[in-house]
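# Examining the three-dimensional arrangement
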Number of protein chains: 2
Amino acid sequence: MVSRDIMRSSTRDFERYYNPKIGNEVRLDTNVNVLGSNPAAMSFLSGWKGDINGYPNTYSDDLRDALSDLYGLERENFVAGNGSDEVIDVAFKTFTEFGEKCAVPVPSYVLYDFFVKINGGDTVEIDLTDDFQLDVDAFLKSGAKVAIMPSPNNPTGNSFHEKDLEEILSDFEGIVIVDEAYGEYSDRSMIRRVNEFDNLIVVRTFSKAYAMAGLRVGYAVSNLNIAGMMNCIKIPYSLNMLSEKAAIAAVRDQDFIRRSHALVSDQRPRLDAGLRALGFETYPSDSNFILARSPVDHAELVSGLKKKGVMIRDFGSRRRTENCVRITVGSEELNTMLLDKTAEVIGECR
Amino acid sequence: MVSRDIMRSSTRDFERYYNPKIGNEVRLDTNVNVLGSNPAAMSFLSGWKGDINGYPNTYSDDLRDALSDLYGLERENFVAGNGSDEVIDVAFKTFTEFGEKCAVPVPSYVLYDFFVKINGGDTVEIDLTDDFQLDVDAFLKSGAKVAIMPSPNNPTGNSFHEKDLEEILSDFEGIVIVDEAYGEYSDRSMIRRVNEFDNLIVVRTFSKAYAMAGLRVGYAVSNLNIAGMMNCIKIPYSLNMLSEKAAIAAVRDQDFIRRSHALVSDQRPRLDAGLRALGFETYPSDSNFILARSPVDHAELVSGLKKKGVMIRDFGSRRRTENCVRITVGSEELNTMLLDKTAEVIGECR
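The rules behind the values
Residues numbered from 1 in each chain as written. Chains lettered and ligands numbered in written order. Predicted model: local features only at pLDDT ≥ 70, side-chain atom pairs only at ≥ 80, totals over all residues. Heavy atoms only, no water. Salt bridge = Lys/Arg side-chain N within 4 Å of Asp/Glu carboxyl O. Helix = DSSP H or I, 4+ residues; strand = E, 2+ residues; numbered from the N terminus. Buried < 20%, exposed > 50% of the residue type's maximum accessible area, 1.4 Å probe, protein only. Least-squares fit on C-alpha atoms with pLDDT ≥ 70 in both. Contact = heavy atoms within 4.5 Å. Domains from an automatic or database assignment. Buried area = accessible area lost by both parts, 1.4 Å probe. Pairing = 2+ DSSP bridges. Axes fitted to C-alpha atoms, helices over the stretch in contact; angles between N-to-C directions. Core = buried A, V, L, I, M, F, W, Y, C linked by side-chain atoms within 4.5 Å. Polar contact = N/O pair within 3.5 Å; in protein donor to acceptor, adjacent residues only side chain to side chain. Arc of directions from axis to C-beta.

Moving on, we get to the pattern of salt bridges. Residues and elements named next belong to chain A. Under the counting rule described, the total for this entry stands at 52 salt bridges over all chains. Here Asp61 and Arg64 are joined by a salt bridge, their closest N and O atoms 2.8 Å apart. Note that Asp61 and Arg64 are positioned in helix 2 (residues 61–71) at a spacing of 3 residues, about one turn of the helix. Residue classification places Asp61 among the buried positions, given a relative accessible area of 13%.

What follows is about the relation of the copies chain A and chain B. Each copy superposes on the other: chain A lies on chain B with an RMSD of 0.0 Å after a rotation of 180 degrees and an axial shift of 0.0 Å. On the angle and the small slide along the axis, the relation comes out as a two-fold axis. Closest approach to the rotation axis among the C-alpha atoms of chain A is made by Phe98 of chain A, whose C-alpha sits 3.0 Å away. Of the interface residues in chain A, 100% have counterparts in chain B that sit at the interface too, so the contact is made through matching surfaces.

With that settled, the discussion passes to the domain arrangement of chain A. Residues and elements named next belong to chain A. Here chain A is partitioned into domain 1 (4–36 + 255–349) and domain 2 (39–253). The straight-line distance from the C-alpha centre of domain 1 to that of domain 2 is 23 Å. Tallying the contact residues gives 32 residues for domain 1 and 40 residues for domain 2. Summing both sides of the interface, domain 1 and domain 2 together bury roughly 3000 Å²; the carbon and sulfur share of this comes to 57%.

Glancing now at helix 2 (residues 61–71) of chain B. Residues and elements named next belong to chain B. All of the buried residues in helix 2 are Asp61, Leu63, Arg64, Ala66, Leu67, Ser68 and Tyr71. Along its buried surface, helix 2 packs onto strand 2 (78–81), strand 7 (200–205), strand 8 (218–222), helix 7 (224–233) and helix 8 (241–251). At the exit of helix 2 stands Gly72, carrying a positive phi of roughly 70 degrees.

Next up on the list: the sheet that holds strand 10 (residues 289–293) of chain A. Residues and elements named next belong to chain A. The strand order 9-10-13-12 describes an open sheet built from 4 strands, whose pairing is antiparallel. Unpaired on one side and paired on the other, strand 9 (281–282) and strand 12 (313–314) mark the two borders of the sheet. As paired elements, strand 9 and strand 10 share 2 bridges and run antiparallel to each other. When the bridges of strand 10 are listed, Thr282 appears paired with Ala292. The strands touched by helix 9 (residues 254–277) within the sheet are strand 9, strand 10 and strand 13 (324–328), with strand 10 carrying the most contacts at an inclination of about 15 degrees. Its contacts with the sheet put helix 10 (residues 298–307) on strand 12 and strand 13, and the angle it makes with strand 13 is roughly 35 degrees.

Regular strands place side chains that alternate from one sheet face to the opposite one. Residue and element names in this part refer to chain B. What you see with strand 2 is no split at all: Phe78 and Ala80 on one side and Val79 and Gly81 on the other are buried throughout. Pairing analysis gives 4 bridges linking strand 2 to strand 8, with the strands arranged antiparallel. Pairing of Ala80 across the sheet is with Tyr219, part of strand 8.

It is worth spelling out the interface of chain A and chain B at this point. Between chain A and chain B, the residue contacts involve 82 residues of the former and 82 residues of the latter. Counting each side, the surface lost to burial between chain A and chain B is near 6700 Å², with a carbon and sulfur contribution of 58%. The largest per-residue losses of area from chain A upon contact with chain B belong to Arg16, Ile52 and Asn53 of chain A, which jointly make up 12% of the total buried on that side. Where chain A meets chain B, there are 6 salt bridges.

Here we take up the nonpolar core. Counting 120 residues, the largest nonpolar core has Phe206 and Met212 of chain A together with Phe206 and Met212 of chain B as the members making the most contacts within it. Those residues in contact with Phe206 of chain B that lie beyond four places of it in its chain are Leu63, Leu67, Ala211, Met212, Ala213, Val217, Gly218, Tyr219, Ala247, Ala250 and Val251 of chain B. With 72 residues, the next largest nonpolar core counts Ile201 and Met229 of chain A together with Tyr17 and Val90 of chain B among its residues.

Residues and elements named next belong to chain B. Pairing within the open sheet is antiparallel, and its 4 strands lie in the order 9-10-13-12. Edge positions in the sheet fall to strand 9 (281–282) and strand 12 (313–314), since each has one partner strand and no second. Pairing between strand 12 and strand 13 (residues 324–328): 2 bridges, direction antiparallel. Residue pairing across strands places Asp314 opposite Val325, the latter belonging to strand 13. Where helix 9 (residues 254–277) meets the sheet, it contacts strand 9, strand 10 (289–293) and strand 13, and its direction lies at approximately 15 degrees from that of strand 10.

This part takes up the side chain of Thr123 of chain B. Residue and element names in this part refer to chain B. As for its position among the elements, Thr123 is in strand 4 (residues 122–127). At 2.7 Å, the side chain of Thr123 and the side chain of Asp113 are in polar contact. Excluding anything up to four places from it in sequence, Thr123 contacts Cys102, Val104, Asp113, Val116 and Lys117.

Turning our attention to the environment of Arg313 of chain A. Residues and elements named next belong to chain A. Position of Arg313 relative to the elements: it lies in strand 12. On the accessibility criterion, Arg313 (11% relative accessible area) is buried. Arg313 sits 284 residues away from Asp29 along the chain, and the two C-alpha atoms are 4.6 Å apart. Residue contacts for Arg313: discarding those within four places in its chain leaves Tyr17, Tyr18, Asp29, Val325 and Arg326.

One full turn of an α-helix is made of 3.6 residues, so residues set three or four places apart face in the same direction. Residue and element names in this part refer to chain B. Taken together, the buried positions of helix 6 (residues 162–171) are occupied by Asp164, Leu165, Ile168 and Leu169. Buried residues in helix 6, looked at end-on, bunch into an arc of 135 degrees, giving them a common side. Turned more than 90 degrees off the buried face of helix 6, the exposed positions are Lys163 and Ser170.

The next subject is the pairing of strand 8 of chain B. All names here are of chain B. In terms of residue burial, strand 8 counts as a mostly covered element, since 5 of its 5 residues are buried. Sheet topology places strand 7 next to strand 8; 5 bridges connect them, and they run antiparallel. The residue bridging Val202 from the neighbouring strand is Val221, located in strand 8.

We now examine unusual backbone geometry. Ser151 of chain A connects to Pro152 of chain A through a cis peptide bond whose omega is 0 degrees. Mapped onto the elements, Pro152 of chain A comes out in the loop between strand 5 (146–150) and helix 6 (162–171). That bond from Val106 of chain B to Pro107 of chain B is cis: its omega, 0 degrees, falls within 30 degrees of zero. Assignment of secondary structure puts Pro107 of chain B in the loop between strand 3 (101–106) and helix 4 (111–118). Of note, Asn323 of chain A is a non-glycine position whose phi angle comes to about 60 degrees, a positive value. Even without a glycine there, the phi angle at Arg320 of chain B is positive, about 80 degrees.

As C-alpha cells, then:
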C-alpha cells in the first residue's frame, strides 16, 4: 500500500472535516439563517423549467452583473464561485508559491489553515489581542505573502476595527483577504472600497444570511487587476446554472436580507442576556452567533444539548476559546428553547 | 498597479478559457448528449420540494452510495466533486509538490495543462503515436509524479489499448489518472479494476452521456487508500445538494445511458461516412464525437458553419491536429443538417 509520503508534504497529516451524525436535531451549530431557506431562491427553483444539458456560463456573468448592480461596481470586480470556499481556494492558488507564509489570526475560521496547506503554503498563526482585535504589527512583521481574516470574525463574532484593516492593507506587502461571510449582519463592509487598494480581496457567501448553503455560492470582490488574475486561475464553469440563477433571484430580494438582519439585531441581546443569566461569559457579536464560555464543561454541555435535540458548536478544546461554545442566534422561540434546555443540562452537570 | 509577478510562477501567462459568444446556434462543439437533458434528473428537479438553507452532506455520501451500487464497489472507493474538473484538481493538489513533473499526452484535453500549472506542477508533454495511442516508454521515462490521460481520448476519440494502460499502471512510479469523461460511450472501462492497482484513479463526469453539464457533477474512483487521501484534501461540501440528488436519480436510470450509447453507435458511422464523402480525413472514434481533418481551411469552416447557425470545435491551430475540427455526433436529423451546411461552406470556400 502506498504511504502518505506520496501526498503533498504540507497536507500529510490531514483528516476529514466536521461531519457529525445528524438526526432531527435543531441546528444552532452552523450559523445558517433561522428564517429558513431563501424565499426568492425557492420561488425561482419551484418555477424553473429549463435545460441542464448545456454548460453554465464560463464565469457566471449574469450573477456577476447582478452583484455589480447591488454594489455599484463592475462585473469584472467579481469572481463567482462554488461557495466562498472555492474563491478562497482560488485566492491562495493564485497568489502563493510553495512554502510561502500565509497569515491567519487565532482564533478564526478553522478551515483557513486547510486552504493554506492544500495549496502548499505555510500557515503563520497570529494571535488576536485580548479583546479579539487584530494585532496590526504582528501581521506587518509576519513576512506573509497572503493574509486572511474574517470580519466579523468567526467564532468570536466581533468585527475588526476598520482603521486596523486600513493600516494592514496600506502597509502589508502582499494580498489581504477579508472574509465577510457574516457581512450581511454587520453594518460595516470593505466591498465598496476594493478599488481604493492594490491588494484587497473581499469574500462573501450565500450560505449564511442568504440562507442557501445547500446551493454552494460565493464570490470575491477586488480591483479589476486582482480579480482578473483570479478569474484566469479559477476552474471554468465551476458554478452550476441552477445555483447561479437562484443566487441572482436572491440578490434581487434585499428585503429578505433586511429582515434577517433585523431579527438578529432584536434577538442577539436577548440571547446574550439569557446566557449571562445562566453563568456564561459572552463576547460582543456583530454576527448571527455568540461565542460564550460555558459555566460547565463544554463537551458535557454540547453532548447534553444534543441528547435533548439541539446542536451547538464546540470550540472548547481550542487555544484562546477554552471551554467556549458557539451558538447561532435563533428566533424568539428557538432562543427560549435553547436557554431552557441549556439550564436543564447545566442542572444535570452539577 | 500590482504586476503579474505576484502570481504563482507557473500560471503568470494564463488567459481565460473558451467562452464563445453564444446566440441560438446548434451546439455540436461541446459533446453534450444530443438526446437532451437527463430525464430522471429533470423529473427529480421538477418535483423537488426541499430546504436549501442547510449544508449538503460533507462528502456526498448518498451519491457515493448510489455509485457503489452501480459498480459493485464501496462508498469509500469514491470521491464526489463539483464536476470532474474538481476531482482532477484535487488529484493534482493531493499528489504533487511544486515543480514536480506531470505527464500529459498530446493531443489530449486542453485543460490538463491548466490543472497541472494552477497546482504548481510542470507539464511534460508526451506525444501520442501516429495512430494516437500511448507511447508507453515515454510515460515510464518521463520522471513524472502524476500522469493523466483521457480514454476515450479527447479530441481524437479513440480509446487507448488496455494493455498499454496496464503496463503504465504497473511500471509508472506515481499516480495514473485515467479520465473516462466519455466512458459511457465506450465498452471499456478501468473503474471495476481500481482495487487491482496501487496508483490508479479513474475520473468520470455527468456532463457528457449523463446530459447534465449544467449541474456540475463528477467523481473519481480509486482504491480505498488513494481515495481516502483525496477525500481529506477536497473542499468539504463542494457538491451542492440539488446536483447531488439529481445525479443520484440519473445513476438509477441506466436505460437513458443505454439509449444514448445506442444512438451514438448507430449514427457515428453515418456521420463518419458523410464527412469522408465531403473530403474530410476522419479518425476512429469510441466516443460521441469525431475528429476530422478539413478539406478546406479549418477556421473558415468553423466560422462559416457558425454563420449558418452550427457550432463545431476548432482544433486546427494545434500541433498534431493541424486543420482538424471536432464534431459531436448528432441525431440523424442533426447529422444531415450538419453535413448539408458543411457542404455549402466547402462550396463557398472554393
